[in-house]
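Chain by chain, the residues:
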Amino acid sequence: MSMKTDIKLIDDKGVRIDGRKPDQLRPIKIEAGVLKRADGSAYLEWGKNKVLAAVYGPREAHPRHLQDSAKAIVQCRYNMAPFSVGDRKRPGPDRRSVEISKIISEALESVILTELFPRSSIDVFIEVLQANAGTRCAGLTAASVALADAGIPMKDLVVGCAAGKVEGTVVLDLGKEEDNFGQADVPLAIIPRTGEIVLLQMDGDMTREELFNAIDMAKDASLRIYELQKEALRRRYAIVAEEEKEEIASMEEIKEEE
Ligand code: CDP
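The rules behind the values
- Residues numbered from 1 in each chain as written.
- Predicted model: local features only at pLDDT ≥ 70, side-chain atom pairs only at ≥ 80, totals over all residues.
- Heavy atoms only, no water.
- Pairing = 2+ DSSP bridges.
- Helix = DSSP H or I, 4+ residues; strand = E, 2+ residues; numbered from the N terminus.
- Axes fitted to C-alpha atoms, helices over the stretch in contact; angles between N-to-C directions.
- Near = heavy atom within 4 Å.
- Polar contact = N/O pair within 3.5 Å; in protein donor to acceptor, adjacent residues only side chain to side chain.
- Areas by Shrake-Rupley, 256 points an atom, 1.4 Å probe, with all protein chains shown as cover.
- 1 Å grid on protein atoms, 1.4 Å probe; cavity = no way out; pocket = protein on both sides within 12 Å on 5 of 7 lines; lining within 4 Å.
- Sits in = over half its atoms within 2 Å of the grid points.
- Nonpolar A, V, L, I, M, F, W, Y, C, P; charged D, E, K, R; others polar.
- Core = buried A, V, L, I, M, F, W, Y, C linked by side-chain atoms within 4.5 Å.
- Buried < 20%, exposed > 50% of the residue type's maximum accessible area, 1.4 Å probe, protein only.
- Salt bridge = Lys/Arg side-chain N within 4 Å of Asp/Glu carboxyl O.
- Points joined across faces, edges and corners; volume = space filled by probe spheres on them.

(A) Local environment of the sheet that holds strand β4 (residues 73-80). Spatial ordering of the open sheet is given by β1-β2-β3-β5-β4, a layout of 5 strands whose pairing is mixed. Strand pairing shows two members of the sheet lacking a second neighbour, β1 (28-32) and β4, which therefore form its edges. Looking at each pair of strands side by side, their axes are set apart by 15 degrees on average, direction ignored. Looking at chain direction, strand β3 (residues 49-60) and strand β5 (residues 120-130) are connected through 9 bridges and run antiparallel. Paired with alanine 54 across the strands is phenylalanine 125, a residue of β5.

Okay, here's the thing in structure tokens:
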């Protein structure tokens, strides 16, 4: 953030370094139910980010001292693969991934109906396969779809999306160069239906007014991302329904043969 550079991040016409307009998202693709062993899963591509999310539970929380007799605990592990970044990343948890795991757990917990599952744990694993700025938002958005795929009851889906400031302009969803050389990056998690903010961080600085603009931009975008999440889930359920139909048909065939 705010490193000096000669690169021009926004041109005179307001076009960003990757060709986007200030309020334009990078392309997003989401697929639900990609892992057979997990209770729920999702794969998400967001610009050049590639992220997998897997959910287990609700299941009995271990070790037992972690159990809460009033509600389920939500434990998220965000992990970057060694090959996900330019310089090989040392495998294993570091301060950054511990922080990201914590803030994503809290954002997810705010939508999950944890009181329905006392003494349980809902475990969320986020694996970043390829990183290009905005992985916490990508991971959170994927995790939310994976939770729904696992059938975990929730108030709503939650969406992660960042906004920030680049060369004096408020922009949506910073790319890698913008994140490195821009003035501010503000990752947010939003409950799209109500506009409630369940995560707000800021790296760099901007005025109060710019911050409000950035938040409005991210809120608008969260509705677009929300549609993509729901479409991914609808496609997933259509496939499940189709598989069930085929299973019933083949069982009837067997019965007829008998
Ligand atoms: O990924 P996110 O923007 O949520 O978090 P960040 O800490 O602001 O990191 C921004 C970007 O820096 C990541 O998306 C990666 O592309 C890159 N990064 C890296 O190259 N090596 C690391 N150990 C951590 C981050």
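(B) View of the site of the ligand. Surrounding the ligand, one finds Met80, Val85, Arg96, Ala131, Asn132, Ala133, Gly134, Thr135, Arg136, Lys176 and Asp179. Contacts to the ligand include arginine 96, whose side-chain N or O atom sits 2.7 Å from an oxygen atom. In this structure, threonine 135 approaches the ligand through a side-chain N or O atom, which is 2.5 Å from an oxygen atom. Burial of the ligand by the surrounding chains reaches 76%, relative to a free accessible area of 500 Å². In a pocket analysis with a 2 Å cut-off to the grid points, the ligand is assigned to the largest pocket. For the shell around the ligand, the secondary-structure elements that each account for two or more residues are α2 (135-149) and α3 (176-181). A class-by-class count of the residues in the shell around the ligand yields 4 nonpolar, 3 polar and 4 charged.

(C) Spotlight on the nonpolar core. Ranked by size, the top nonpolar core spans 64 residues in total, and within it Trp46, Ile104, Leu108, Ile112, Ile126 and Leu147 carry the most contacts. With 5 residues, the next largest nonpolar core counts Ile10, Val166, Val171 and Leu174 among its residues.

(D) Broad picture of the pattern of salt bridges. Overall, the coordinates contain 19 salt bridges when judged by the stated rule. Measuring nitrogen to oxygen at the nearest pair gives 2.9 Å for the salt bridge that ties aspartate 18 to arginine 20. For arginine 77, the salt bridge goes to glutamate 127, with nearest N and O atoms at 2.7 Å. Taken together, the positions of arginine 77 in strand β4 and glutamate 127 in strand β5 put the pair 50 residues apart, joining distant regions of the chain. Residue arginine 77 is classed as partly exposed on the basis of its relative accessible area of 43%. What emerges from the salt-bridge pattern is a single network uniting Arg16, Asp18, Arg20, Arg26, Asp173 and Glu178.

(E) Summary view of the environment of isoleucine 239. In this structure, isoleucine 239 sits in helix α4 (residues 208-257). A C-alpha to C-alpha distance of 36 Å links isoleucine 239 and aspartate 216, two positions 23 residues apart in sequence.

(F) Representation of the layout of surface pockets within the structure. By volume, the largest pocket is sized at about 550 Å³. Looking at the largest pocket, it is lined by 26 residues, and the ones nearest its centre are Arg96, Ala133, Gly134, Arg136 and Asp179. For the lining of the largest pocket, the elements supplying multiple residues, two or more each, are α1 (95-109), α2, α3 and β8 (184-191). Top contributing element to the lining of the largest pocket by residue count: α2, with 3 residues. Class assignment for the residues of the lining of the largest pocket results in 9 nonpolar, 5 polar and 12 charged. Lining the second largest pocket, in full, are Ile17, Asp18, Arg20, Arg26, Pro27, Gly47, Lys48, Asn132, Gly175, Lys176 and Glu177.

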